Amino acid sequence: MEIEMTTPRAVTATLVASLKRAAKRESRITSLTYSQALEIEAQHAGFLNWHAVTELLRSGSAVLQEPLEIDPLLPPDFYNTPNDERSEEELARWWQKPFACTNPDGSLDVRCLDGGAWDRPTFYGSAPSLTAAIALADKKLRTWQWAQQQPVSTMRGDRIYMMVMPNRPGETPVTVMELESFEAANAWLTEWQKRHPPPLGSRSQWRGHQDQTLSDRG
(Lines give C-alpha, C1' and ligand atoms only; values in the text may rest on other atoms or scores of the structure.)
Protein backbone atom coordinates (compact mmCIF):
# COMPACT_ATOMS: atom_id res chain seq x y z
CA MET A 1 0.00 0.00 0.00
CA GLU A 2 1.31 3.49 -0.83
CA ILE A 3 0.34 6.61 1.09
CA GLU A 4 1.48 10.10 0.16
CA MET A 5 3.75 11.80 2.69
CA THR A 6 3.49 15.55 2.45
CA THR A 7 5.97 18.24 3.46
CA PRO A 8 3.96 21.49 3.68
CA ARG A 9 6.29 23.72 1.69
CA ALA A 10 4.90 25.56 -1.35
CA VAL A 11 7.05 25.52 -4.47
CA THR A 12 6.85 28.99 -5.95
CA ALA A 13 9.02 31.08 -8.26
CA THR A 14 9.94 33.16 -5.23
CA LEU A 15 11.18 30.09 -3.34
CA VAL A 16 13.19 28.91 -6.34
CA ALA A 17 14.80 32.34 -6.74
CA SER A 18 15.65 32.39 -3.04
CA LEU A 19 17.29 28.96 -3.24
CA LYS A 20 19.30 30.03 -6.29
CA ARG A 21 20.54 33.14 -4.50
CA ALA A 22 21.58 31.07 -1.50
CA ALA A 23 23.37 28.58 -3.78
CA LYS A 24 25.26 31.36 -5.55
CA ARG A 25 26.33 32.76 -2.20
CA GLU A 26 27.52 29.34 -1.02
CA SER A 27 29.45 28.70 -4.25
CA ARG A 28 31.25 32.05 -3.88
CA ILE A 29 32.40 31.50 -0.29
CA THR A 30 33.11 27.74 -0.49
CA SER A 31 34.64 25.30 -2.96
CA LEU A 32 31.21 23.98 -3.94
CA THR A 33 30.12 24.33 -7.54
CA TYR A 34 26.85 26.11 -8.17
CA SER A 35 25.17 22.77 -8.98
CA GLN A 36 26.40 21.18 -5.78
CA ALA A 37 25.22 24.18 -3.79
CA LEU A 38 21.77 23.95 -5.41
CA GLU A 39 21.48 20.33 -4.28
CA ILE A 40 22.42 21.25 -0.71
CA GLU A 41 20.09 24.26 -0.54
CA ALA A 42 17.20 22.16 -1.89
CA GLN A 43 17.72 19.56 0.84
CA HIS A 44 18.02 22.23 3.53
CA ALA A 45 14.64 23.53 2.37
CA GLY A 46 13.12 20.07 2.94
CA PHE A 47 13.21 18.65 -0.59
CA LEU A 48 14.95 15.49 -1.73
CA ASN A 49 17.05 17.28 -4.37
CA TRP A 50 17.07 20.23 -6.77
CA HIS A 51 15.34 18.21 -9.50
CA ALA A 52 12.36 17.71 -7.18
CA VAL A 53 12.10 21.48 -6.70
CA THR A 54 12.11 22.25 -10.42
CA GLU A 55 9.71 19.43 -11.25
CA LEU A 56 7.22 20.58 -8.63
CA LEU A 57 7.44 24.16 -9.92
CA ARG A 58 6.96 23.00 -13.51
CA SER A 59 3.99 20.79 -12.66
CA GLY A 60 2.33 23.41 -10.49
CA SER A 61 2.27 21.14 -7.43
CA ALA A 62 1.69 23.05 -4.22
CA VAL A 63 3.79 20.86 -1.94
CA LEU A 64 6.44 18.19 -1.99
CA GLN A 65 4.93 14.71 -1.95
CA GLU A 66 6.80 11.44 -1.42
CA PRO A 67 5.27 8.01 -0.88
CA LEU A 68 5.31 6.23 2.46
CA GLU A 69 4.83 2.58 1.62
CA ILE A 70 3.09 0.30 4.12
CA ASP A 71 4.18 -3.35 4.41
CA PRO A 72 6.16 -3.27 1.13
CA LEU A 73 7.73 -6.30 -0.51
CA LEU A 74 11.43 -5.82 0.26
CA PRO A 75 14.44 -7.35 -1.51
CA PRO A 76 16.02 -10.52 -0.05
CA ASP A 77 18.41 -9.87 2.86
CA PHE A 78 17.28 -6.23 2.94
CA TYR A 79 18.00 -6.08 6.69
CA ASN A 80 21.41 -7.74 6.41
CA THR A 81 23.29 -6.35 3.40
CA PRO A 82 26.13 -3.79 3.52
CA ASN A 83 24.94 -0.66 1.80
CA ASP A 84 27.93 -0.56 -0.54
CA GLU A 85 27.06 -4.07 -1.76
CA ARG A 86 23.49 -3.21 -2.76
CA SER A 87 22.70 -2.98 -6.45
CA GLU A 88 22.09 0.35 -8.17
CA GLU A 89 18.50 -0.75 -8.77
CA GLU A 90 17.97 -1.40 -5.07
CA LEU A 91 19.52 1.93 -4.08
CA ALA A 92 17.46 3.83 -6.63
CA ARG A 93 14.30 2.14 -5.36
CA TRP A 94 14.87 2.41 -1.59
CA TRP A 95 17.55 4.94 -0.70
CA GLN A 96 16.12 7.62 1.61
CA LYS A 97 12.56 6.42 0.94
CA PRO A 98 10.85 5.65 4.27
CA PHE A 99 8.48 2.72 4.66
CA ALA A 100 6.40 1.30 7.49
CA CYS A 101 5.56 -2.22 8.66
CA THR A 102 2.40 -3.04 10.59
CA ASN A 103 2.69 -4.60 14.03
CA PRO A 104 0.12 -7.05 15.50
CA ASP A 105 -1.33 -4.28 17.67
CA GLY A 106 -1.88 -2.04 14.66
CA SER A 107 1.02 0.31 15.31
CA LEU A 108 3.54 1.02 12.57
CA ASP A 109 7.33 0.64 12.69
CA VAL A 110 8.91 3.25 10.42
CA ARG A 111 12.29 2.58 8.80
CA CYS A 112 14.42 4.03 6.04
CA LEU A 113 17.53 2.91 4.17
CA ASP A 114 19.37 6.20 4.70
CA GLY A 115 22.94 5.29 5.67
CA GLY A 116 22.36 5.69 9.40
CA ALA A 117 23.22 1.99 9.70
CA TRP A 118 25.81 0.42 7.41
CA ASP A 119 23.95 -2.80 6.60
CA ARG A 120 20.24 -2.24 7.23
CA PRO A 121 17.52 0.40 7.19
CA THR A 122 17.51 2.84 10.11
CA PHE A 123 14.72 2.40 12.64
CA TYR A 124 12.92 5.75 12.89
CA GLY A 125 10.50 4.63 15.60
CA SER A 126 6.98 3.32 16.13
CA ALA A 127 3.82 5.28 15.48
CA PRO A 128 0.27 4.57 16.71
CA SER A 129 -1.42 5.61 13.47
CA LEU A 130 -0.80 6.20 9.79
CA THR A 131 -0.88 9.97 10.27
CA ALA A 132 1.71 9.75 13.02
CA ALA A 133 3.86 7.42 10.91
CA ILE A 134 3.88 9.90 8.02
CA ALA A 135 4.86 12.75 10.35
CA LEU A 136 7.59 10.63 11.96
CA ALA A 137 9.05 9.59 8.61
CA ASP A 138 9.09 13.16 7.35
CA LYS A 139 10.70 14.56 10.52
CA LYS A 140 13.40 11.91 10.81
CA LEU A 141 14.37 11.95 7.13
CA ARG A 142 14.64 15.74 6.94
CA THR A 143 16.70 15.82 10.13
CA TRP A 144 19.02 13.13 8.78
CA GLN A 145 19.43 14.90 5.44
CA TRP A 146 20.37 18.08 7.29
CA ALA A 147 22.91 16.18 9.38
CA GLN A 148 24.50 14.63 6.29
CA GLN A 149 25.22 18.07 4.88
CA GLN A 150 27.16 19.22 7.94
CA PRO A 151 30.85 19.63 7.01
CA VAL A 152 33.48 17.65 8.89
CA SER A 153 37.16 18.53 9.17
CA THR A 154 40.17 16.50 8.08
CA MET A 155 43.84 17.43 8.19
CA ARG A 156 46.27 16.94 5.32
CA GLY A 157 49.74 18.19 6.01
CA ASP A 158 49.33 21.60 7.63
CA ARG A 159 45.95 22.36 6.06
CA ILE A 160 42.42 21.76 7.37
CA TYR A 161 39.81 20.69 4.84
CA MET A 162 36.10 21.02 5.52
CA MET A 163 34.25 18.26 3.70
CA VAL A 164 30.65 17.22 3.13
CA MET A 165 30.53 13.44 3.17
CA PRO A 166 28.63 11.42 0.56
CA ASN A 167 24.98 10.69 1.32
CA ARG A 168 24.83 7.36 -0.50
CA PRO A 169 27.18 4.54 -1.55
CA GLY A 170 29.31 5.22 -4.60
CA GLU A 171 29.55 8.98 -4.11
CA THR A 172 32.67 10.87 -3.06
CA PRO A 173 33.19 13.58 -0.40
CA VAL A 174 33.02 17.22 -1.49
CA THR A 175 35.58 19.70 -0.17
CA VAL A 176 33.82 22.96 0.63
CA MET A 177 36.65 24.93 2.24
CA GLU A 178 40.41 24.80 2.86
CA LEU A 179 41.70 26.52 6.01
CA GLU A 180 44.99 27.05 7.82
CA SER A 181 44.13 26.08 11.40
CA PHE A 182 41.57 24.36 13.58
CA GLU A 183 40.68 27.75 15.04
CA ALA A 184 39.82 29.04 11.58
CA ALA A 185 37.93 25.83 10.83
CA ASN A 186 35.86 26.16 14.00
CA ALA A 187 35.03 29.79 13.20
CA TRP A 188 34.07 28.86 9.64
CA LEU A 189 31.90 25.98 10.85
CA THR A 190 30.10 28.26 13.32
CA GLU A 191 29.17 30.59 10.48
CA TRP A 192 28.08 27.66 8.30
CA GLN A 193 25.77 26.39 11.03
CA LYS A 194 24.24 29.84 11.40
CA ARG A 195 23.40 29.85 7.69
CA HIS A 196 22.16 26.24 7.76
CA PRO A 197 20.12 25.70 10.94
CA PRO A 198 18.43 22.36 11.64
CA PRO A 199 15.21 22.01 9.61
CA LEU A 200 13.13 21.45 12.73
CA GLY A 201 14.83 23.98 14.97
CA SER A 202 16.71 21.63 17.29
CA ARG A 203 19.85 19.49 17.01
CA SER A 204 18.44 17.23 19.73
CA GLN A 205 16.35 15.48 17.07
CA TRP A 206 19.55 14.54 15.23
CA ARG A 207 20.87 13.07 18.48
CA GLY A 208 17.65 11.10 18.81
CA HIS A 209 18.14 9.72 15.32
CA GLN A 210 21.64 8.55 16.26
CA ASP A 211 20.43 6.95 19.47
CA GLN A 212 17.66 5.04 17.69
CA THR A 213 20.14 3.80 15.07
CA LEU A 214 22.42 2.47 17.79
CA SER A 215 19.59 0.78 19.69
CA ASP A 216 18.34 -0.83 16.48
CA ARG A 217 21.83 -2.26 15.91
CA GLY A 218 21.52 -4.08 19.21
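In this report, the structure presented in the accompanying data block is examined. (Residues numbered from 1 in each chain as written. Predicted model: local features only at pLDDT ≥ 70, side-chain atom pairs only at ≥ 80, totals over all residues. Heavy atoms only, no water.)

Comments concerning the overall build of the chain
Okay, step 1: For the chain, the helix and strand inventory stands at seven helices and eight strands.
Okay, step 2: When each of the 218 residues of the chain is scored for burial, the buried share is 45%.
Okay, step 3: Accessible area for the chain stands at about 11,200 Å²; split by element, carbon and sulfur atoms hold 52% of it. (Helix = DSSP H or I, 4+ residues; strand = E, 2+ residues; numbered from the N terminus. Buried < 20%, exposed > 50% of the residue type's maximum accessible area, 1.4 Å probe, protein only. Areas by Shrake-Rupley, 256 points an atom, 1.4 Å probe, with all protein chains shown as cover.)

Points about unusual backbone geometry
Okay, step 1: Look at D77: it is not a glycine, yet its phi comes out positive at around 55 degrees.
Okay, step 2: D77 sits in the exposed class, given a relative accessible area of 55%.
Okay, step 3: Phi is positive for Q96, close to 55 degrees, though the residue is something other than glycine.
Okay, step 4: Within the secondary structure, Q96 sits in the loop between α4 (88-94) and β3 (99-102).
Okay, step 5: By relative accessible area, Q96 is classed as buried at 8%.

Focus on the packing of helix α1 (residues 13-29) against helix α2 (residues 34-44)
Okay, step 1: Contact geometry for α1 and α2: axes closest at 8 Å, N-to-C directions at 125 degrees. In terms of axis orientation, α1 runs oblique to α2. Considering the relative orientation of α1 and α2, their crossing is right-handed. Taken together, the residues of α2 that come into contact with α1 (itself represented by L19, K20, A22, A23, K24, E26 and S27) are Y34, A37, L38 and E41. (Axes fitted to C-alpha atoms, helices over the stretch in contact; angles between N-to-C directions. Parallel < 35°, antiparallel > 145°, perpendicular 65-115°, else oblique. Left-handed = near helix turned anticlockwise from the far one by under 90°. Contact = heavy atoms within 4.5 Å.)

Structural notes on the sheet that holds strand β8 (residues 174-179)
Okay, step 1: One open sheet holds the three strands; their spatial order is β6-β7-β8, and the pairing between them is antiparallel. Every interior strand has two partners, whereas the edge strands, β6 (152-156) and β8, have only one. Sheet twist, expressed as the mean angle between neighbouring strand axes with direction ignored, is 30 degrees.
Okay, step 2: Alignment of strand β7 (residues 159-164) against β8, held across five bridges, turns out to be antiparallel. (Pairing = 2+ DSSP bridges.)

Concerning the nonpolar core
Okay, step 1: In terms of nonpolar packing, the biggest core is built from 23 residues, with W50, V53, M162, V176, L179 and W188 touching the most fellow members.
Okay, step 2: If you list the elements that add at least two residues to this core, you get α1, α2, α3 (50-59), β7, β8 and α6 (182-195).
Okay, step 3: Leave out the neighbours within four places in its chain, and W188 touches I29, T30, P151, M162, V176, M177 and L179.
Okay, step 4: Membership of the second largest hydrophobic core comes to 13 residues, among which are L68, A100, L108 and L141. (Core = buried A, V, L, I, M, F, W, Y, C linked by side-chain atoms within 4.5 Å.)

A closer look at the packing of aromatic side chains
Okay, step 1: Tallying each qualifying case throughout the model produces five aromatic pairs.
Okay, step 2: A ring pair is formed by W94 and F99, whose centres lie 5.8 Å apart and whose planes are at 75 degrees; its orientation type is edge-to-face. Of the two residues, W94 and F99, both sit in the buried class.
Okay, step 3: One aromatic cluster in this structure is built from F78, Y79, W94 and F99.
Okay, step 4: One residue, R93, lies across the ring of W94, its end atom 4.0 Å from the ring centre. (Phe/Tyr/Trp six-rings, centres within 6.5 Å; stacked < 30°, edge-to-face > 60°. Lys NZ or Arg CZ within 6 Å of the ring centre and 35° of its normal.)

Here's the deal with the pairing of strand β4 (residues 108-112)
Every regular strand shows the same layout, with side chains that alternate between the two sheet faces.
Okay, step 1: Where burial is concerned, most of β4 is hidden: five out of the five residues are buried.
Okay, step 2: Neither face of β4 is exposed, since L108, V110 and C112 on one face and D109 and R111 on the opposite face are all buried.
Okay, step 3: Sheet topology note: the β3/β4 ladder contains four bridges and is antiparallel. Opposite F99, over in β4, you have R111 as the bridge partner.

Topic: the pattern of salt bridges
Okay, step 1: Under the counting rule described, the total for this entry stands at eight salt bridges.
Okay, step 2: Where E69 meets R93, a salt bridge forms, and the shortest distance between an N and an O atom there is 2.5 Å. Of this pair, E69 sits in strand β2 (residues 64-70) while R93 is found in helix α4, placing the two residues 24 residues apart along the sequence.
Okay, step 3: Taking relative accessible area as the criterion, R93 reaches 36% and is therefore assigned partly exposed.
Okay, step 4: One salt bridge in this structure joins R168 and E88, with 3.6 Å as the shortest N-O distance. With R168 in the loop between β7 and β8 and E88 in helix α4, this pair connects stretches of sequence that are 80 residues apart.
Okay, step 5: Residue class for E88 comes out exposed when judged on its relative accessible area of 52%.
Okay, step 6: Within the structure, one salt-bridge network assembled from shared partners comprises R159, E178 and E180. (Salt bridge = Lys/Arg side-chain N within 4 Å of Asp/Glu carboxyl O.)

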